[in-house]
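The chain contents come next:
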Amino acid sequence: MPYQYDPTVPAIFKIIQIRHDDGSGHINYDSRMTIINTGIVGFKNRNLEAETYRNGVRLDCRIPTFQGGEFVPTPHFKIQTLGGPGASGATWGPNEMVVIDFKNGVFRPGDVVTFEVYDRISGQVISRDTYTA
């Protein structure tokens, strides 16, 4: 079921890039997404989880925690790694980035990607951002 758009949900965690190349310019549909905390406060990584949508359809790749050391990549989640300064400690601080390396081919140029972050305690969506890959 597609996500329900709510214009009151802020974009605290913003997608700033989705790479389609291997870093040397060779297109391999790498699907590496970089997100930044644009807020003014830090968030406890253990209390955050996320869902990702491609062209309005939820992907089977829920992120159950942003605590980098606790994230366990599994093939059926379509995510290879999760890292970066925002995922390296207990708190994802302001202006810190997290890089999520999805399996190659999850995103293609032109895909509309929506990234929702939830507070695990309340179950509420605390951030939603949409980006064209």
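Up top is the structure.
Residues numbered from 1 in each chain as written. Predicted model: local features only at pLDDT ≥ 70, side-chain atom pairs only at ≥ 80, totals over all residues. Heavy atoms only, no water.

*Asks:* I tried to follow the pairing of strand β2 (residues 27-37) on my own but got confused; where do I start?
*Replies:* The two faces of the sheet receive side chains in turn, since in a regular strand these alternate between them. In this structure, strand β1 (residues 13-21) lies alongside β2, joined through seven bridges in antiparallel fashion. Looking across to β2, one finds that I15 is bridged to I35. Connecting β1 to the antiparallel partner β2 that follows it, the hairpin turn spans five residues, and G23 within it adopts a positive phi of roughly 100 degrees. Pairing analysis gives five bridges linking β2 to strand β8 (residues 97-102), with the strands arranged antiparallel. Following the sheet pairing, R32 is matched in β8 by D101. (Pairing = 2+ DSSP bridges. Helix = DSSP H or I, 4+ residues; strand = E, 2+ residues; numbered from the N terminus.)

*Asks:* Before we go on, may I ask you to explain the nonpolar core in this structure?
*Replies:* Ranked by internal contacts, the top residues of the largest apolar core, which has 28 residues, are F13, M33, I63, F66, I100 and F115. Sorting the residues of this core by element identifies β1, β2, β4 (48-54), β6 (79-83), β8 and β9 (112-119) as the ones contributing at least two each. Once residues lying within four places of it in the same chain are set aside, the contact partners of I63 are E49, A50, F71, I79, L82, I100 and F115. (Core = buried A, V, L, I, M, F, W, Y, C linked by side-chain atoms within 4.5 Å. Buried < 20%, exposed > 50% of the residue type's maximum accessible area, 1.4 Å probe, protein only. Contact = heavy atoms within 4.5 Å.)

*Asks:* Honestly, the pattern of salt bridges in this entry has me stumped. Any pointers?
*Replies:* Where charged atoms of side chains with opposite charge meet at close range, the side chains can pair. The final tally for this structure, using the stated rule, is six salt bridges. With a shortest N-O distance of 2.9 Å, R32 and D30 are connected by a salt bridge. A relative accessible area of 7% means that D30 is categorised as buried. Across the pair E51 and R58 runs a salt bridge, and its minimum N-O distance is 3.6 Å. With relative accessibility at 45%, the residue R58 sits in the partly exposed group. Salt bridges here are not isolated pairs; linked through shared partners, they connect D30, R32 and D101. (Salt bridge = Lys/Arg side-chain N within 4 Å of Asp/Glu carboxyl O.)

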